[in-house]
Amino acid sequence: MDYTPTIGLEIHAHLNTRTKLFCGSLNNPSDSEPNTNICAICMGHPGVLPVANKEAIDKILQVGLALKCQIADHSKFDRKNYFYPDLPKGYQISQYDKPFCENGYIDIPIQGERGEEYKRIDVERIHLEEDAGRLVHSEDGKETYVDFNRAGVPLMELVTKPVLSSALEARKFAEELRLILRYLNISDADMEKGQMRIEVNLSLAPEGSKELGTKVEMKNLNSLRVVEDATAYEIERQSKILEVGEKVIQETRGWDENKQQTFSQRSKEEAHDYRYFPEPDLPPITISADNGFDLDRMLKSMPELPQAKRNRFMEEFGHNLETADVLIENSDLANYFEGSVSEALHWLQQDSAPANTRDADGKITAESDKKIRELTTNYIVKNLRTLLADTGTGIKNLKITHENFGELIYLIHTGNLSSAAAREVLDEMFDTGKDPSDIMEERGLKQVSDEGALEQIIEEVIAKQEKAVNDFKNGEESALKFLIGQVMAQSKGSANPQIAGELLKKKLK
Ligand code: MN
């Protein structure tokens, strides 16, 4: 029998505000000495009062708008009561029945069998809450310390509807959300630093069944790969249990990286009673322009989101989904790419550009236009990204301006640089940030494509290499390669080998 997985995700992400959610302590939990970014408010001292951080609310509303959610007119905070050593107040300020955002969606890119496809994943709610502190255990396991730098850091919690149906979809959703958070500059969403935490809720039911199976929760999945691997493993594990007629136990499971399998952390007792009630120390919030929350303005100033950029790149540049994904995975890289293309096209429009790249009206030919887009794509996706990865350089620290990169593409397209020479120029540009035409001149890499100049060299070679010339005339094809080699040597490597070959053949006939 086949079993259908039903998967829902619960994702927490730190908002990168300057200060914490309800006090003026710095929001900088990963890069500070333990217990330095704390104050009486986030430590829950008696008599203190929280004040909501507007920057955090603005950011939650931006995520809600980006995910096409309904934004609440009125919202409020609630107390979620539980006891744990990392929770100074004995309760977490969260949101219960009036979250800021409800009913949104993300279209996740899933490559279908016939080209590109998207699947719409519905989002149930996005709310704002504070994080707890962090327990740090000594290596021998005998002591536990508490670092409260994280206590009170603003967290967004997003809950999807249970509409995902594979491990890959779970990963894609988390990936796309992370991209959106980064595009909006709302969270760095670095899972290694605990800035984004993902819980997977999963149940299996016989195919076609209306009833859902027993729900298993997976927590502490610390990378996107683990989210995918653990989900796939769990689908497999539960299928096997159901196949032999046994029952899946409702429980929370973790991921064992060494064994590459999930393991039981605790079985679910009764549902927790958190005794939620409205937070009495914070007033309810009206979301309106009068009250400082101008949603129209937020929408207008929203950057182009990953999905829109992906679609536009596929349309404008003829990228397939994979290439578009590579270029949009970082908005700085996407901007760099577009800047380089427009700069290369700008070079082509100048009088100094070869005449064959423009039509009678002086417009860039469709062929040249297409070639420039392809060349820029290839040189960024392959060559530049390899250099960045090999040297551990981020696009922000790249020394090559997009103007210089565009000029490099122009020089390649117009035959001034062979592909070997272009790689050499690019290497030096990468190290020094120098202008590509300067490097080309200094290193004598300019390729001679000019037929007049080449003809002279070819005539000299033909005069000198009588034997090879005769061999070629007697039908020995390899002699032509030798002669091209001689032209290259004579020109000190600057001849365009393709044009040299064509000219040689013409002369020898
Ligand atoms: Mn939560």
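Shown above is the structure to which this text applies.
The rules we used
Residues numbered from 1 in each chain as written. Predicted model: local features only at pLDDT ≥ 70, side-chain atom pairs only at ≥ 80, totals over all residues. Heavy atoms only, no water. Helix = DSSP H or I, 4+ residues; strand = E, 2+ residues; numbered from the N terminus. Buried < 20%, exposed > 50% of the residue type's maximum accessible area, 1.4 Å probe, protein only. Contact = heavy atoms within 4.5 Å. Donors = N, O, S within 2.8 Å, 3.2 Å for Na, K, Ca; no water. Pairing = 2+ DSSP bridges.

**Things to note about the side chain of N404**
So, step 1. Here N404 is to be found in helix 9 (residues 402-413).
So, step 2. Looking at N404, the relative accessible area reads 13%, which means it is buried.
So, step 3. Non-local contacts of N404, meaning those with residues more than four positions away in its chain, are made with M429, G433, K434, D435 and P436.

**Some details on the coordination of the manganese ion**
So, step 1. At the metal site, the manganese ion is ligated by H12 (NE2), E129 (OE) and E157 (OE), and these contacts range over 2.0 to 2.2 Å.
So, step 2. Linear spacing of the donor residues for the manganese ion on their chain is H-x116-E-x27-E. Remark: E129 occurs in strand 7 (residues 115-130) and H12 occurs in strand 1 (residues 3-14); sequence separation between them is 117 residues.

**Quick word on unusual backbone geometry**
So, step 1. One non-glycine residue, N35, adopts positive backbone phi at about 55°.
So, step 2. We classify N35 as partly exposed; its relative accessible area is 32%.
So, step 3. In the Ramachandran plot, N220 falls in the positive-phi region, its phi being about 55° despite a non-glycine side chain.

**Things to note about the sheet that holds strand 15 (residues 277-278)**
Each strand in a sheet pairs with another by means of backbone hydrogen bonds, the pair being arranged parallel or else antiparallel.
So, step 1. Strand order across the open sheet formed by 3 strands is 5-4-15, with antiparallel pairing between neighbours. Each end of this open sheet is capped by a strand with a single partner; those strands are strand 5 (91-94) and strand 15.
So, step 2. Pairing of strand 4 (residues 78-81) with strand 15, which is carried by 2 bridges, proceeds in the antiparallel orientation. From the neighbouring strand, D78 faces strand 15, where its bridge partner is P278.

**Details of the environment of A205**
So, step 1. Within the secondary structure, A205 is located in strand 11 (residues 196-206).
So, step 2. Residue A205 is classed as buried on the basis of its relative accessible area of 8%.
So, step 3. Taking the C-alpha atoms as reference, A205 lies 8.6 Å from D2; in sequence the two are 203 residues apart.
So, step 4. Discounting chain neighbours no more than four positions away, the residues touching A205 are D2, Y3, T4, E211, L212 and G213.

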